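Understanding the architecture of this molecule
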Amino acid sequence: MAVTATRTRQKPSSSNSVRVESRSSSSVLQLFIAVSGIYTSFLTWAVLQERISTTSYGPNNRVFRASLVINTIQSFCAAIVGYIYSRYTSSSTKESSAVFPNRKVLFQYALVATTSSLASPFGYASLKHIDYLTLLLGKSCKLLPVMALHVLIFRKKYTWSKYFVVFAVTVGVSLFTLYHPSSSKQAAQATSSSSLYGLLLLGINLLFDGLTNSTQDHIFHTQPTINGPKMMCGINVVATVLTSIFLLTPVSGQLEDALEFFQLYPQVLYDILLFSLCGAIGQVFIFFTLSKFGSLTLVTVTVTRKMMSMLLSVVWFNHKLTPGQWVGVLMVFGGVGGEALMKYFEKKSMVGKVAVAKKAD
């Protein structure tokens with residue numbers, strides 16, 4: 001009887017191992033598709049963003065400054081793509097497919113849309129005082145405002161390794177700015193105080209980004225019916241409405257300037273549309289990665305993507321980096337990458353302990 005019982009238990013174990021192997025190979029394929037989608041979409045997106053925001057159009061060498069118009073077009077494209085993505089992944093029931101299931105979700109979407117819409121203009125404004133590579137490197141430091149918000153507001157405590165990452169990232173960004181070559185275009189136009197002002201604007205941008213990410217996490221935890229596709233669609237719909245209303249007010253003034261710019265230089269409109277489409281498709285792959293593999297994998301992918309974007313920017317736009325700036329780049333990505341690696345091993349160790357505990361039971 002005992003032998004028979006033992007054999008009976010072993011059969012499911014064999015079939016389970018086959019299922020695990022099948023799921024593992026499927027997960028690898030899904031991760032490969034997700035990473036390829038994120039890299040392709042956002043590397044193109046980054047090149048177009050630098051071209052739109054820093055390079056000049058036409059014989060008069062005019063630069064497009066209507067950042068709110070860019071945000072509106074981008075959120076509108078992302079809302080359409082998000083709705084298609086949501087309909088494709090949702091079930092047929094009205095309750096499960098609702099993007100706005102209740103008023104509380106609408107308020108939360110509005111909060112995220114507001115913080116994300118406010119973040120972008122500060123980022124574009126900082127480009128008047130710092131170059132695009134500094135902006136891109138700073139955007140890799142989103143963990144700084146997120147950690148600060150959790151420590152100050154939620155009284156959360158972190159391990160020494162996280163504080164070490166913050167130190168490495170802060171020093172890296174400082175080195176990158178300090179060792180900026182004096183012969184560059186930005187250095188010729190901006191004084192040292194102007195660069196500090198640009199970093200201040202970038203810091204505000206990162207603060208709003210941190211608020212956006214924290215609120216998104218809160219929505220996922222408090223609204224069980226909301227998934228990635230629904231959030232992508234809902235937030236971008238609300239963002240489109242809010243930015244459109246502001247553009248129509250006399251206070252903005254950006255809509256008239258943008259329409260005039262489009263008439264004189266239609267190429268910028270094509271660049272913005274392609275930029276928005278790449279961003280919308282990239283968001284689909286981001287939310288897919290987040291739902292399938294978790295935030296740790298997503299952070300690792302996005303950090304390496306930002307590093308590739310920097311290298312592509314250096315090659316594409318012929319930027320020159322000093323040795324001190326390369327040290328700053330390595331410190332930033334080394335710190336963030338090291339944090340992701342430590343989290344990976346911690347998670348792997350935890351899974352191993354759970355597996356051992358189950359075997360013991």
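Just so we're clear, the structure is a prediction, and the values are computed from it rather than from any experiment. (Residues numbered from 1 in each chain as written. Predicted model: local features only at pLDDT ≥ 70, side-chain atom pairs only at ≥ 80, totals over all residues. Heavy atoms only, no water.)

Observations concerning the overall build of the chain
Along the chain, the regular secondary structure elements total 13 helices and zero strands. Its helices and strands taken in sequence order, the chain reads α-α-α-α-α-α-α-α-α-α-α-α-α from the N to the C terminus. Buried residues in the chain amount to 42% of all 361 residues. Sequence separation of 24 or more characterises 84% of the internal contacts of the chain that already satisfy a separation of 6 or more. (Helix = DSSP H or I, 4+ residues; strand = E, 2+ residues; numbered from the N terminus. Buried < 20%, exposed > 50% of the residue type's maximum accessible area, 1.4 Å probe, protein only. Contact = heavy atoms within 4.5 Å.)

Topic: the nonpolar core
Phe64 and Ile272 are the most contacted members of the largest nonpolar core, which totals 32 residues. Ile272 has contacts with Ile52, Phe64, Ile70, Ile73 and Phe262, leaving out every residue within four places of it along the chain. Counting 19 residues, the second largest nonpolar core, distinct from the first, contains Ala78, Val81, Val105 and Phe287. (Core = buried A, V, L, I, M, F, W, Y, C linked by side-chain atoms within 4.5 Å.)

Considering helix H11 (residues 254–264)
Of all the positions in H11, only Ala258, Phe261 and Phe262 are classed as buried. Down the axis of H11, the sector holding all buried residues measures 100°, keeping them to one side. Exposed side of H11, more than 90 degrees from the buried face: Glu256 and Gln263 are the residues found there. (Arc of directions from axis to C-beta.)

What to know about the confidence of the model for the chain
Looking at the chain, the pLDDT average stands at 76 and 69% of residues meet or exceed 70. Predicted confidence in the chain is weakest over helix H8 (residues 185–189), with a mean pLDDT of 47, and strongest over H11, with 92. Across residues 1–12, confidence stays below pLDDT 50; counting only partners more than four residues off in sequence or on other chains, it has zero contacts. Below pLDDT 50 for its whole length, residues 183–191 participates in nine contacts with residues either more than four positions away or in separate chains. (pLDDT = per-residue confidence, 0-100.)

Some words on the pattern of salt bridges
By the definition in use, this model includes one salt bridge. Of the charged contacts, one joins Arg51 and Asp271 as a salt bridge, the two residues approaching to 3.3 Å between their closest N and O atoms. With Arg51 in helix H1 (residues 2–54) and Asp271 in helix H12 (residues 267–316), this residue pair connects regions lying 220 residues apart in the sequence. For Arg51, a relative accessible area of 34% gives the class partly exposed. The class of Asp271 is buried, set by a relative accessible area of 4%. (Salt bridge = Lys/Arg side-chain N within 4 Å of Asp/Glu carboxyl O.)

Here's the deal with a nonpolar patch on the surface
Judged by side-chain polarity, Phe100, Leu106, Val237, Val241 and Ile245 come together as a nonpolar surface patch covering roughly 400 Å² of accessible area. With three residues, helix H10 (residues 228–248) is the largest single contributor of residues to the nonpolar patch. Position of Leu106 relative to the elements: it lies in helix H4 (residues 103–126). For Leu106, a relative accessible area of 42% translates into the label partly exposed. (Patch = residues over 30% accessible without salt bridge, like charges linked within 9 Å, V, L, I, M, F, W, Y side chains within 5 Å. Areas by Shrake-Rupley, 256 points an atom, 1.4 Å probe, with all protein chains shown as cover.)

Here's the deal with the packing of aromatic side chains
According to the stated counting rule, one finds eight aromatic pairs in the structure shown. A ring pair is formed by Tyr57 and Phe261, whose centres lie 6.1 Å apart and whose planes are at 85°; its orientation type is edge-to-face. Taken as a pair, Tyr57 in the loop between H1 and helix H2 (67–89) and Phe261 in helix H11 lie far apart in primary sequence, 204 residues in all. When the centroid spacing of 5.6 Å and the interplanar angle of 15° are considered together, the rings of Phe64 and Phe262 count as stacked. Of this pair, Phe64 sits in the loop between H1 and H2 while Phe262 sits in helix H11, and the two are 198 residues apart along the sequence. Residue Phe262 is classed as buried on the basis of its relative accessible area, which comes to 14%. Through a chain of ring-to-ring contacts, the aromatic side chains of Tyr57, Phe64, Phe261, Phe262 and Tyr265 assemble into a single cluster. (Phe/Tyr/Trp six-rings, centres within 6.5 Å; stacked < 30°, edge-to-face > 60°.)

Let's talk about H10
Each α-helix turn comprises 3.6 residues. Residues three or four places apart therefore point the same way. Counted at 1.5 Å a residue, the expected span for H10 with its 21 residues is 30 Å, and the 30 Å between its end C-alpha atoms agrees. The opening residue of H10, the one whose side-chain oxygen lies 3.1 Å from the backbone nitrogen of Lys230, is Asn227. (Expected span 1.5 Å × (residues − 1). Polar contact = N/O pair within 3.5 Å; in protein donor to acceptor, adjacent residues only side chain to side chain.)

Structural notes on the packing of H2 against H10
Where H2 contacts H10, the two axes come as close as 7 Å, and the packing angle between them is 150°. In terms of their interaxial angle, H2 and H10 are classed as roughly antiparallel. H10 is crossed by H2, and the crossing has left-handed handedness. Classifying every residue of the contact of H2 with H10 gives 15 nonpolar, nine polar and one charged. (Axes fitted to C-alpha atoms, helices over the stretch in contact; angles between N-to-C directions. Parallel < 35°, antiparallel > 145°, perpendicular 65-115°, else oblique. Left-handed = near helix turned anticlockwise from the far one by under 90°. Nonpolar A, V, L, I, M, F, W, Y, C, P; charged D, E, K, R; others polar.)

What about the packing of H2 against H11?
Running from amino to carboxyl end, H2 crosses H11 at an angle of 80°, the nearest separation of the two axes being 8 Å. Relative to H11, the element H2 is oriented roughly perpendicular. Contact residues: H2 offers Ser67, Leu68 and Val69, while H11 offers Gln254, Leu255, Ala258 and Phe262. Of the residues belonging to the contact of H2 with H11, the class tally is five nonpolar, two polar and no charged.

Quick notes on the environment of Cys233
Topologically, Cys233 is positioned in helix H10. By relative accessible area, which is 5% here, Cys233 ends up buried. Measuring from C-alpha to C-alpha, the distance between Cys233 and Cys77 comes to 9.9 Å, with 156 residues separating the pair along the chain. Every residue in contact with Cys233, bar those within four places of it in the chain, is listed here: Ala79, Gly82, Tyr83 and Val99.

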